[in-house]
Amino acid sequence: MIGVVYLGNNPDSQEKLKYIPGRLVQYATNYKDAAVACSPHVRNEHFILFYEQNVQAEDITAITYLKKKCKNIYVILLTHQLTLDDRKMYQKCGINDTIDANASITELNKKIQFIADREGMLFDNAPAKHRILRFKIPLWKRLFDIVFSAIAIILLSPVFLITAIAIRLESKGPVIFKSKRVGTNYTIFDFLKFRSMYADAEQRLKEVAKEAGNQYLEKEKEENERQSVITAPLGEEAEMMMMDMGMESDMMISDEEVMLVGDDFVVAESDFNKEKEEEINSAFVKIENDPRITKVGKFIRKYSIDELPQLFNILKGDMSIVGNRPLPLYEAEKLTVDSSIDRFMAPAGLTGLWQVEERGKGGNMSAEERKQLDILYGQNYNFMMDMKIIFRTLTAFIQKDNV
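Since the model is a prediction, treat every value here as computed from it, not as a measurement.

Criteria and cut-off values
Along each chain, residue indices are assigned from 1 in the same order as the chain's sequence is written. Two thresholds apply to this predicted model, a pLDDT of at least 70 for residue-level local features and 80 or more for giving and counting side-chain atom pairs, whereas whole-chain, interface and lining totals are computed over all residues. Only heavy atoms go into the side-chain values, all of them from the structure, while hydrogens and water stay out. Numbering goes from the N terminus for both helices and strands, where a helix is a DSSP run of H or I of at least four residues and a strand is a run of E of at least two. Reported accessibility uses the Shrake-Rupley method at a 1.4 Å probe radius. Residues are deemed covered only where the shown protein chains occlude them. In this scheme, strands are said to pair when DSSP sees at least two bridges between them. Of the grid points, spaced at 1 Å and generated over the protein atoms alone, those admitting a 1.4 Å probe that cannot get out make up cavities, while open sets with protein on both sides within 12 Å along at least five of seven lines make up pockets; any residue with an atom within 4 Å of a point is treated as lining. Grid points are joined across faces, edges and corners, and a volume is the space filled by probe spheres set on the points. Throughout, the ten residues Ala, Val, Leu, Ile, Met, Phe, Trp, Tyr, Cys and Pro are labelled nonpolar, Asp, Glu, Lys and Arg are labelled charged, and all others, Gly among them, are labelled polar. Here is the rule: rings of Phe, Tyr and Trp (six-membered ring for Trp) pair when centre to centre is within 6.5 Å. Planes less than 30 degrees apart are stacked, more than 60 are edge-to-face, and the remainder are tilted. Using a 1.4 Å probe on the protein chains alone, a residue whose accessible area is under 20% of its type maximum counts as buried, one over 50% counts as exposed, and one in between counts as partly exposed. By definition, being over a ring means that NZ of Lys or CZ of Arg is both within 6 Å of the ring centre and within 35 degrees of the ring normal. Nonpolar core, defined: a set of buried Ala, Val, Leu, Ile, Met, Phe, Trp, Tyr and Cys residues in which side-chain atoms within 4.5 Å join the residues together. By definition, residues are in contact when any of their heavy atoms lie within 4.5 Å. Angular values range over 0 to 180 degrees, each being the angle between N-to-C directions of two axes fitted as lines to C-alpha atoms, with helices fitted over their stretch in contact. Confidence scores labelled pLDDT are given residue by residue by the predictor and lie between 0 and 100.

1. Re the overall build of the protein
Regarding its fold elements, the protein presents 19 helices and twelve strands. When the accessible area of the protein is evaluated, it comes to approximately 24500 Å², of which 56% is carbon and sulfur surface.

Okay, here's the thing in structure tokens:
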């Protein structure tokens, strides 16, 4: 359990903290007493320290001392207003957060609960069992990535040059396309590719997706249409019969069905779960015969030449030769549920298990299949497995379809 300590002389703050449910707050009037109060003991290993803002010079001295003396505290500054310069000064000396000095008991309690729920993330010295798990790339894999990518960049330098010239001759815009991608441990980085689309491609995404359709959602759409036939509204006579039996056709909910109640909705748990699953499946946006692709773009995509700049990402350490494909932000944000997190606890890669499996299926693979293959790779990857994936990638280099 996280302890709570208050350092200051504001009677209003002291009074409100007395009523925080389930928390015994300790009070101190000087920073040395606060340091003693924050000493670890059997029940509390970590402490939230509410620090009442006073004279800035004195505050900086006190907070600096406390952060140096106590590695197990999360400092929240109780303040009325801070200028940008003041905020930088307080952050530099070690505060972790701020909250208005007039915050209500409810607001203070929410802040405490938020920090307590994330103890393993917010405290550096949290016990190992409480720490947030993070993936760390093995040394053998990192060394292989550096050697492989460096040699590849040197050997393929003529291809880099020719491709760059061809892209500039066909259309205006930068040769290299940068996009924010989410890789290992949900780390965001600049993902490099040779530009294969016209310069306004991202602005046209919603329009094109609506017109052309998302190939991963086509099967879902067909399934929904079949279901709509099965569950079509009953005829008037059938409805009257149902009502005579004490049932209404549009309210046939089992007594065992769990209902989720929100501020502005009531929905069956099964329907809610189905909707969330559809959102996750739609995270992988892929459009067939995309009209935004240039002629040079089609060629370099067919032969995977557009991916070559990622060798610099690999050399830098953003990703690996073999791993799970880094995802755009709008896709990754939909894959944060427990069943999807494991795909990010693995190397991010230029090629991977699902890429070679998808080519074997001619590009016909659902979003769920891709996710499961990513998780499978993360749980079982080794040197021999990586070599097999690289070999299969090279043998499948020339593709008949755009997958």
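Read on for the rest.
2. Examining the sheet that holds strand β11 (residues 327-328)
Spatially, the three strands line up as an open sheet ordered β7-β6-β11, and their pairing is antiparallel. Where the open sheet ends on each side, the last strands, each with one partner, are β7 (188-194) and β11. The sheet contact formed by strand β6 (residues 176-182) and β7 spans seven bridges and is antiparallel. Across the sheet, R181 pairs through a bridge with F189, a residue of β7.

3. Focus: empty space enclosed by the protein
Applying the stated criterion to the full structure yields one cavity of 30 Å³ or more. Size it by volume and the largest cavity reaches roughly 30 Å³. As for the largest cavity, its lining consists of S13, K16, L17, L78, D100, A101, A103 and L108. The biggest single contributor to the lining of the largest cavity is helix α1 (residues 11-18), with three residues. Along the lines of polarity and charge, the residues of the lining of the largest cavity split into five nonpolar, one polar and two charged.

4. Section: the packing of aromatic side chains
Tallied over the entire structure, the rule returns 13 aromatic pairs. Plain terms: the ring middles of F135 and Y381 are 6.2 Å apart, the flat faces sit at 65° to each other, and that makes the pair edge-to-face. Taken together, the residues span a long stretch of sequence, with F135 in the loop between α6 (119-122) and α7 (139-155) and Y381 in the loop between α18 (367-380) and α19 (383-395) at a distance of 246 residues. Judged by its relative accessible area of 19%, F135 falls in the buried class. Through a chain of ring-to-ring contacts, three or more aromatic side chains come together here, namely F135, W140, F144, F148, Y377, Y381 and F383. Directly above the aromatic system of F344 lies the positively charged group of R343, at a separation of 4.8 Å from the ring centroid.

5. Here's the deal with unusual backbone geometry
Despite not being glycine, Y186 shows a phi value in the positive range, around 60°. Examined against the element boundaries, Y186 turns out to sit in the loop between β6 and β7. Of note, the phi angle at S304 is positive, near 60°, even though the residue is not glycine. Turning to its location among the elements, S304 is positioned in the loop between α13 (295-302) and α14 (310-316). Using a relative accessible area of 16% as the deciding quantity, one classes S304 as buried.

6. Description of the nonpolar core
Grouped together as the largest cluster of nonpolar side chains are 29 residues, with contacts concentrated most on F194, L311, Y377 and I389. For L311, the residues in contact, after removing those within four places along its chain, are S149, A152, I153, L156, F160, I321 and L350.

7. Regarding the sheet that holds strand β2 (residues 25-28)
Pairing is parallel across the open sheet formed by five strands, whose spatial order is β2-β1-β3-β4-β5. In this open sheet, the two edge strands, each paired with only one partner strand, are β2 and β5 (97-100). Mean inter-strand twist for the sheet, computed between neighbouring axes without regard to direction, equals 25°. With four bridges connecting them, strand β4 (residues 73-79) and β5 associate as parallel partners. Paired with L78 across the two strands is I99, which belongs to β5. Contacts between helix α5 (residues 105-117) and the sheet are confined to β1 (3-7), β3 (47-52), β4 and β5, with β5 contributing the most and set at about 165° to the helix.

8. What about the pairing of β6?
Hairpin remark: β6 followed by β7, antiparallel, with five residues in the connecting loop; positive phi at N185, about 60°. Taken together, the two bridges between β6 and β11 define a ladder with antiparallel strand orientation. In the strand pairing of β11, R181 is matched with P328.

9. As for the environment of A150
Inspection of the secondary structure assignment puts A150 in helix α7. By relative accessible area, A150 is classed as partly exposed at 28%. Distance in space between the C-alpha atoms of A150 and F312 is 8.4 Å, their sequence separation being 162 residues.

10. As for the confidence of the model for the protein
Scored by pLDDT, the protein comes out at a mean of 78, with 69% of its residues at no less than 70. The least confident element of the protein is helix α11 (residues 236-244), whose mean pLDDT is 45; the most confident is α14, at 96. Predicted confidence for residues 227-255 stays below pLDDT 50, and this span has nine contacts to residues more than four positions away or in other chains. Note that residues 261-265 has pLDDT below 50 and, in this model, two contacts with residues that lie over four places away or in other chains.

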